[in-house]
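Tertiary structure, described
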Amino acid sequence: MMSDSLRAVILGIIEGVTEFLPVSSTGHLLLAERFFDLGEGSFWNSFTVLIQLGAILAILAIYFVKLWRIALGMFSNPDDRRFVIGVLVAFLPAAVIGAAAGSYIKSYLFNPWVVCFSLIVGGAILLWVDQLDHDPHEHDATTFPLPMYLAIGFAQCLAMIPGVSRSGASIVAAMLLGADKRAAAEFSFFLAIPTMIGAFAYDFYKNRGEMTADHLGIVAIGFVVSFVTAIIVVKTFLSYVTRHGFTLFAWWRVVVGTLGLIALAMGR
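What counts as what
- Residues numbered from 1 in each chain as written.
- Predicted model: local features only at pLDDT ≥ 70, side-chain atom pairs only at ≥ 80, totals over all residues.
- Heavy atoms only, no water.
- Helix = DSSP H or I, 4+ residues; strand = E, 2+ residues; numbered from the N terminus.
- Rg over C-alpha atoms; globule rule 2.2 N^0.38 Å.
- Buried < 20%, exposed > 50% of the residue type's maximum accessible area, 1.4 Å probe, protein only.
- Contact = heavy atoms within 4.5 Å.
- Areas by Shrake-Rupley, 256 points an atom, 1.4 Å probe, with all protein chains shown as cover.
- Axes fitted to C-alpha atoms, helices over the stretch in contact; angles between N-to-C directions.
- Left-handed = near helix turned anticlockwise from the far one by under 90°.
- Core = buried A, V, L, I, M, F, W, Y, C linked by side-chain atoms within 4.5 Å.
- Expected span 1.5 Å × (residues − 1).
- Patch = residues over 30% accessible without salt bridge, like charges linked within 9 Å, V, L, I, M, F, W, Y side chains within 5 Å.
- Salt bridge = Lys/Arg side-chain N within 4 Å of Asp/Glu carboxyl O.

It is worth spelling out the overall build of the protein at this point. Secondary structure assignment for the protein yields 12 helices and 0 strands. Each helix (α) and strand (β) of the protein, taken in turn from the N terminus, gives the series α-α-α-α-α-α-α-α-α-α-α-α. Whereas a compact globule of 268 residues would reach a radius of gyration of roughly 18 Å, the protein reaches 18 Å, a difference of no more than 12%. Taken over the C-alpha atoms alone, the protein extends approximately 55 × 40 × 35 Å along its principal axes. Within the span of the protein, comprising 268 residues, buried residues form 51% of the whole. Counting contacts in the protein only where the partners sit at least 6 residues apart, residues at least 24 apart contribute 83% of the total. When the accessible surface of the protein is split by element, carbon and sulfur atoms take 70% of a total near 12,600 Å².

Quick look at the structure:
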């Protein structure tokens, strides 16, 4: 039987690799748990949320200088203040809808059939958007218009359906609204910070009574692994999509979703 520590490492790698790619980290984690017995139950459900903080810290590490400058300048620099407001505006829809419908979504939509169909549909949409002949006019994620930030925030809410992908939804929305590929990807990173910290804080508070010392040790392993993996992936991802776009990730979604449907149809 696989040890909990090894499960934590594998799930940490999956989280770190998929969190910022437009392929749905939640969907991949759910399918890994279903098809490879990588941990089911209340603790492992919380585990997959808690280790997201490791991936978020990777973003904070990579963009530390830029984010620190914005934090220092937000009280004196109108451009920095406007970007912070833009991120909060984009975060607001997910915060409201998540608080109102989070329990319903987890009860009825967190199943592998939904994940697989969402992966396939999302892959098709990503292929379509990637091949559009659009002329981007937004090249800096920190200077989008405020209505654009809000629209991206509403698009991100679609990712509450497992398999849709938080980064994928925000990237597609940003590109359709005029952002280039790099700026769209970078804003999805920035928007992830309040979104995932909020999810982490809520889940940790809700399950704090069930966390033992052993559980915290397992979470720490997954946390560190997701942090290291996410740093490698984010640095590679930006340069890759700038040159090649999102076709590879779109087809990955379609293949994984299709294989998952076949496995489910065979009774797996």
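And the narrative resumes.
Moving on, we come to the packing of helix H4 (residues 52-62) against helix H10 (residues 181-206). Put simply, H4 and H10 touch, their axes get as near as 9 Å, and they point 145° apart. For the pair H4 and H10, the sense of crossing is left-handed. In this structure, H4 uses Gln52, Leu53, Ile56, Ile59 and Leu60 to contact H10, whose residues at the interface are Phe189, Ala192, Ile193, Met196, Ile197, Ala199 and Phe200.

Counting 49 residues, the largest nonpolar core has Phe20, Phe144, Phe187 and Phe237 as the members making the most contacts within it. If you tally residues by element for this core, the top one is H10, at 10 residues. In contact with Phe237, other than residues within four places in its own chain, are Phe20, Leu21, Pro22, Ile171, Ala185, Phe189, Phe246 and Phe249. Counting 14 residues, the second-largest nonpolar core is a separate cluster that includes Trp44, Met211, Ile218 and Val219.

Bringing helix H1 (residues 4-18) into the picture now. With 15 residues, H1 ought to run about 21 Å at 1.5 Å a step, and its terminal C-alpha atoms sit 21 Å apart, in line with that. By the burial criterion, the buried members of H1 are Arg7, Ala8, Leu11, Gly12, Ile14, Glu15, Gly16 and Thr18. As for H1, its buried residues are in contact with helix H2 (25-36), helix H3 (42-50), H4, H10 and helix H11 (213-244).

Okay, a nonpolar patch on the surface next. Taken together, the side chains of Leu92, Val96, Ile97, Leu150 and Phe154 make up a nonpolar region of the molecular surface, amounting to roughly 430 Å² of accessible area. When residues of the nonpolar patch are traced back to their parent elements, those giving at least two are helix H6 (78-108) and helix H8 (146-156). Looking at the nonpolar patch, the element that brings in the most residues is H6, giving 3 residues. With respect to the helices and strands, the residue Phe154 is situated in helix H8. The exposure class of Phe154 is partly exposed, given its relative accessible area of 48%.

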